[in-house]
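So the chains spell out like this:
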Amino acid sequence: MSYWFQSSEPAHIMVIDDSVEELQVLLAALRGAGHRISLDFDALGGYRRAGVLQPDLILLDVHLGATSGFEACRLLKADPTTAHIPVIFLTAGATLEERLTGLREGGVDYILKPFEPEEVLVRIAVHLSLARRGAQPLDGAAEAPGRLPASEDEAPHDLDRVIARAAQRLIESDLANIPPLPALAARVGTHEKRLTRAFRAHTGRTVLEFAREERLSRAQRLLAQTPLSIEDVAHAIGFSGAANFTTAFKERFGSTPAAFRRLSRDCACGA
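Being a predicted model, the structure only gives us computed values, none of them experimental.

> Please provide a residue-by-residue account of the packing of helix 6 (residues 159-173) against helix 9 (residues 207-225), values included.
In contact at an axis separation of 10 Å, helix 6 and helix 9 are set at 40° when each is read in the N-to-C sense. In terms of orientation, helix 6 and helix 9 fall into the oblique class. Regarding helix 6 and helix 9, the two cross each other, and that crossing is right-handed. Counting all contacts with helix 6, which are made through Gln-168, Ile-171 and Glu-172, the residues of helix 9 involved are Val-207, Phe-210, Ala-211, Glu-214 and Arg-218. Here the residues of the contact of helix 6 with helix 9 sort into four nonpolar, one polar and three charged.

Shown next, in the form of structure tokens:
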């Protein structure tokens, strides 16, 4: 029997997984389809090699010891040199919450262990096809869609910068539930001291200062653009109540939330 994926163009696949026995079936299937394989058993090591090798797709185990696949994916998606690479998670038994976490962190799919070679190859072929279609430049476009532009003065594969970016993304994704600093550091694959140093070096602020500024900036947008009550805005950005929020907002912007909302509406009506 002939399958459409068998005629798909061979690709460079990176596999990051520490389950050596389970890998044999997967690697045999990939080689049989003509794919070139790079293999790493460590999450951080795999992330670093991906930046250098630039594979077409990454198969990433969820459970990798000290640093999980989720943490590695956060780094991959926060790094402009690897953000465009599709990541498919490998797992022995993904719960709904685990699947949702992986998709939120930038994964495009899940493959369950033990592997069915035909399913692995079809899923890889689908996502390679989608990635290649998305990478076709538009007329006059210099950057491929989905690839984040890097600044000219940015050192390639600067792990501290990527750690800081990944932490920023986590903070911005849920301002009402920002984890404590040790937990935040663990979720981007590092420790509290390194995250603090990296964040200050690459943002000029502490994590707490950044989180506070993001919360209050988000509050401005919610006050100006939504009918949410001041109490609801306060809870949406992580304040325990309207009184604490009003005090912080006035200290930062020189007006109360209510006064800011009135001014925003007056400006909109007069425009």
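> Just give me the short version of the sheet that holds strand 2 (residues 36-40), but keep the residues and values in it.
Within the open sheet, the five strands sit side by side as 2-1-3-4-5. Their pairing is parallel. Sheet topology places strand 2 and strand 5 (109-112) at the edges, where each strand pairs with a single neighbour. Each strand axis lies, on average, 20° off the axis of its neighbour in the sheet, ignoring direction. Where strand 1 (residues 12-16) meets strand 3 (residues 57-61), four bridges bridge the pair, whose relative direction is parallel. Pairing of Ile-16 across the sheet is with Leu-60, part of strand 3. Docked against the sheet, helix 3 (residues 69-78) engages strand 3, strand 4 (87-91) and strand 5, running at close to 175° with respect to strand 4.

> Please give an account of the layout of surface pockets that cites residues and values.
Space inside the second largest pocket adds up to approximately 290 Å³. Forming the walls of the second largest pocket are 14 residues, and the residues nearest its centre are Arg-104, Glu-105, Leu-170, Ser-173 and Arg-187. Put simply, the parts of the chain that give the lining of the second largest pocket at least two residues each are helix 4 (96-104) and helix 6. The greatest single-element share of the lining of the second largest pocket, amounting to four residues, is contributed by helix 6. When the residues that make up the lining of the second largest pocket are grouped by side-chain class, the tally is four nonpolar, three polar and seven charged.

Rules used throughout
- Per chain, residue numbering runs from 1 following the sequence as it is written.
- At least 70 in pLDDT is required for a residue's local features to be given in this predicted model, at least 80 for side-chain atom pairs to be given and counted, and no such filter applies to totals for whole chains, interfaces and linings, which use all residues.
- Excluding hydrogens and water, the side-chain figures rest on all heavy atoms present in the structure.
- All axes here are fitted lines through C-alpha atoms, helices being fitted over the stretch that makes contact, and every angle between N-to-C directions spans 0 to 180 degrees.
- What counts as a helix is a DSSP run of H or I of at least four residues, what counts as a strand is a run of E of at least two, and both are numbered from the N terminus.
- Roughly parallel means an angle under 35 degrees; roughly antiparallel means over 145; roughly perpendicular covers 65 to 115; every other angle is labelled oblique.
- By the definition used in this description, the sense in which the near helix is turned from the far one sets the handedness, with an anticlockwise turn below a right angle giving left-handed and a clockwise turn giving right-handed.
- Only heavy atoms matter for contacts: two residues are in contact if any of them lie within 4.5 Å across the pair.
- All amino acids are sorted into three groups, where Ala, Val, Leu, Ile, Met, Phe, Trp, Tyr, Cys and Pro are nonpolar, Asp, Glu, Lys and Arg are charged, and the leftover types, Gly among them, are polar.
- Only strands that DSSP links by at least two bridges are regarded as paired with each other.
- Points on a 1 Å grid, built from protein atoms alone, make a cavity when a 1.4 Å probe fits but cannot get out and make a pocket when they are open with protein on both sides within 12 Å along at least 5 of 7 lines; residues with an atom within 4 Å of a point are the lining residues.
- Grid points are joined across faces, edges and corners, and a volume is the space filled by probe spheres set on the points.

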